[in-house]
Number of protein chains: 2
Amino acid sequence: MYAPGAALESEDELVAEFAVSKATIRQAVGVLVERGLVERRQGRGTFVREDAAVHRPHAFVGSFTELIIGTDDMSFREFSVEHDVPFPVNVREALGMQSSSGTALVYRRDLRGEPFAYTVVYLSPAVVELLEPEEIVPFERAHFEMKRGMPITGATQSMSAEIADSLVATNLSIEIGQPVLFSERVVRSELRPVEFIHTWYRGDMFKWQADLSFAWSGTNLTVTVSVDEPSIPAE
Amino acid sequence: MYAPGAALESEDELVAEFAVSKATIRQAVGVLVERGLVERRQGRGTFVREDAAVHRPHAFVGSFTELIIGTDDMSFREFSVEHDVPFPVNVREALGMQSSSGTALVYRRDLRGEPFAYTVVYLSPAVVELLEPEEIVPFERAHFEMKRGMPITGATQSMSAEIADSLVATNLSIEIGQPVLFSERVVRSELRPVEFIHTWYRGDMFKWQADLSFAWSGTNLTVTVSVDEPSIPAE
């Protein structure tokens, strides 16, 4: 480990130490420079950036339970309920909607005071009818849905990588073009879709993590996600 | 296979054809709608989207079994075994290594002829000793490890969003700055780490997807990933 401000060895020293070509060393140092971990100073060499220590590539490593319910480190920055929001076509189709617009819940979450995730929840019209207006809130709506006989039981979850467009960049206080982890989650109650959730997480602040179990049958491998998900009181 | 624009059978016809409940058919069609493959047209039925064939925001939607073993659509473009590769500090620490460099397996996978994933496997020195040089190959090395008494049993898996640097961009034939999904996987045999795998997937070609199950205990929610992972023969 190098301390912030420390000098890297010269290219020749690194070549000798790692017994690789100078081209390989240059490429490796180039990656560190691109990632903002070291900087080249003209005529002086390559140094670990002073801000490399405070640069936290992934401030939150978590499970889906923690993401859905939140953790003590997370707070809702603001949320709003918006009506007559145009729903994307795939959202309308997934929710089996006739009309082209509906009610959405929009919120941002902070992680230790910094914008971390931006979420748009497209609500099924059936859920909007079921709940009182004041019950349409970020997490506790699930309790009200349960109380009124429509408990959420499962979801289809996906994750992909995107770069921030102007809407996402503004809401996450990052530059356009920065990496964001995009989560789509269609939440169901029994067989009925309840809501379609889009969340963009700051790529440099969030990493999803799980344990995998490998089961062999001869030379056939089956992989399952075996997360020990904590049950978090959601009071 | 349905052609773009083709109509799906009615729910009742599908129920009869597959001998399952209408609820199951609805759920199955709902999944196709969510994935943008079919669309419901008011009062007319369900149709394969005209853009279903060409529209591939995410050409591969898959499970970890499929990712690890590969699918028929995937091929290894090239692979190489490199010695004396400098290992990143966190990799060395995870593998419990004394030396700063080791043996790595580097490969690219194509999805239907297009570069899709770029992988660097940092091998534990214990595994390099265990295997014959010709056994250090992309997937089948797991079979040789099993045969020699070190079967892989589990892993810690994480996913995050990054933008392509020059190394990744070159290997995936994309522009620097394009989104990539970055996977880190530490593979273990019993309690011993076997390898540390870095993979960068083209953000516009890959989406990871899983089913979640929600378990309620009072108002406490626990979320588990309940993927029905296919077991794929790994000949």
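- By the naming in an unreviewed UniProt entry, chain A goes by HTH gntR-type domain-containing protein and is assigned to Parafrankia soli.

**Considering the overall build of chain A**
Here's step 1: A tally of helices and strands in chain A yields seven helices and 11 strands.
Here's step 2: Here chain A, with 235 residues, has 50% of them falling under the buried criterion.
Here's step 3: Here the analysis covers contacts within chain A between residues at least 6 apart in sequence; of these, 55% occur between residues at least 24 apart.
Here's step 4: For chain A, the accessible area works out to roughly 10,900 Å², and carbon and sulfur atoms hold 51% of it.

**Thoughts on the interface of chain B and chain A**
Here's step 1: Counting residues at the interface gives 75 residues for chain B and 74 residues for chain A.
Here's step 2: Applying the counting criterion to the chain B and chain A interface returns two salt bridges.
Here's step 3: For the salt bridge of E184 of chain A with K207 of chain B, the shortest nitrogen-to-oxygen distance reads 3.0 Å.
Here's step 4: Seen at the junction of chain B and chain A, the total is 19 residue pairs in polar contact (both at pLDDT 80 or more).
Here's step 5: By the bridge criterion, six bridges tie strand β10 (residues 206–217) of chain A to strand β7 (residues 154–163) of chain B in an arrangement that is antiparallel. Within β7 of chain B, the position partnered with Q209 of chain A by the bridge is S158 of chain B.

**Points about the pairing of strand β11 (residues 220–225) of chain A**
Here's step 1: Here β10 of chain A runs beside β11 of chain A; their pairing, made up of six bridges, is antiparallel. Within β11 of chain A, the position partnered with L212 of chain A by the bridge is V225 of chain A.

**Looking at the pattern of salt bridges**
Residue and element names in this part refer to chain A.
Here's step 1: Evaluation of the coordinates by the stated rule reveals 20 salt bridges over all chains.
Here's step 2: The salt bridge partner of D110 is R77, with a shortest N-O separation of 2.9 Å. Of this pair, D110 sits in strand β5 (residues 101–111) while R77 is found in strand β4 (residues 74–86), placing the two residues 33 residues apart along the sequence.
Here's step 3: A residue is classified by how much of its surface remains accessible, and D110, at 8% relative accessible area, is buried.

**Structural notes on the pairing of strand β7 (residues 154–163) of chain A**
Successive side chains on a regular strand alternate, one facing one side of the sheet and the next facing the other.
Residues and elements named next belong to chain A.
Here's step 1: Extensive coverage of β7 is indicated by the burial of eight of its 10 residues.
Here's step 2: Inspection of the sheet shows β7 paired to strand β8 (residues 179–189) by 10 bridges, in the antiparallel sense. Across the sheet, A155 pairs through a bridge with V187, a residue of β8.

**As for unusual backbone geometry**
Here's step 1: Phi is positive for S173 of chain A, which is not a glycine, with a value near 55°.
Here's step 2: Within the secondary structure, S173 of chain A is located in the loop between α7 (166–172) and β8.

**A few points about the side chain of H198 of chain B**
All names here are of chain B.
Here's step 1: Position of H198 relative to the elements: it lies in strand β9 (residues 192–202).
Here's step 2: Side-chain polar atoms of H198 contact the side chain of E184, separated by 3.4 Å.
Here's step 3: Apart from the residues lying within four places of it in its own chain, the contact partners of H198 are V91, Y118, T119, V120, Y122, F182, S183 and E184.

**A few points about the confidence of the model for chain A**
Here's step 1: Averaged over all residues, the pLDDT of chain A equals 85, while 89% of them reach at least 70.
Here's step 2: Counted against residues more than four places away or in other chains, residues 230–235 of chain A, with its pLDDT under 50, gives 23 contacts.

**Points about the side chain of T199 of chain B**
Residues and elements named next belong to chain B.
Here's step 1: Tracing the chain through its elements places T199 in strand β9.
Here's step 2: In this structure the side chain of T199 is engaged in a polar contact, spanning 3.0 Å, whose partner is the side chain of T119.
Here's step 3: Apart from residues no more than four positions distant in its own chain, T199 is found in contact with R109, A117, Y118, T119, L181, F182 and S183.

**Focus: the environment of N90 of chain B**
Here's step 1: Tracing the backbone through its elements, the reader meets N90 of chain B in helix α4 (residues 89–94).
Here's step 2: It is 9.7 Å that separates the C-alpha atoms of N90 of chain B and F196 of chain B, two residues lying 106 residues apart in sequence.

**A closer look at the environment of A155 of chain A**
All names here are of chain A.
Here's step 1: Mapped onto the elements of the fold, A155 is located in strand β7.
Here's step 2: Exposure remark for A155: the relative accessible area of 0% places this residue in the buried category.
Here's step 3: Along the primary structure A155 and E195 are separated by 40 residues, whereas in three dimensions their C-alpha atoms are 9.5 Å apart.

Procedures and definitions
- Residues numbered from 1 in each chain as written.
- Chains lettered and ligands numbered in written order.
- Predicted model: local features only at pLDDT ≥ 70, side-chain atom pairs only at ≥ 80, totals over all residues.
- Heavy atoms only, no water.
- Helix = DSSP H or I, 4+ residues; strand = E, 2+ residues; numbered from the N terminus.
- Buried < 20%, exposed > 50% of the residue type's maximum accessible area, 1.4 Å probe, protein only.
- Contact = heavy atoms within 4.5 Å.
- Areas by Shrake-Rupley, 256 points an atom, 1.4 Å probe, with all protein chains shown as cover.
- Salt bridge = Lys/Arg side-chain N within 4 Å of Asp/Glu carboxyl O.
- Polar contact = N/O pair within 3.5 Å; in protein donor to acceptor, adjacent residues only side chain to side chain.
- Pairing = 2+ DSSP bridges.
- pLDDT = per-residue confidence, 0-100.

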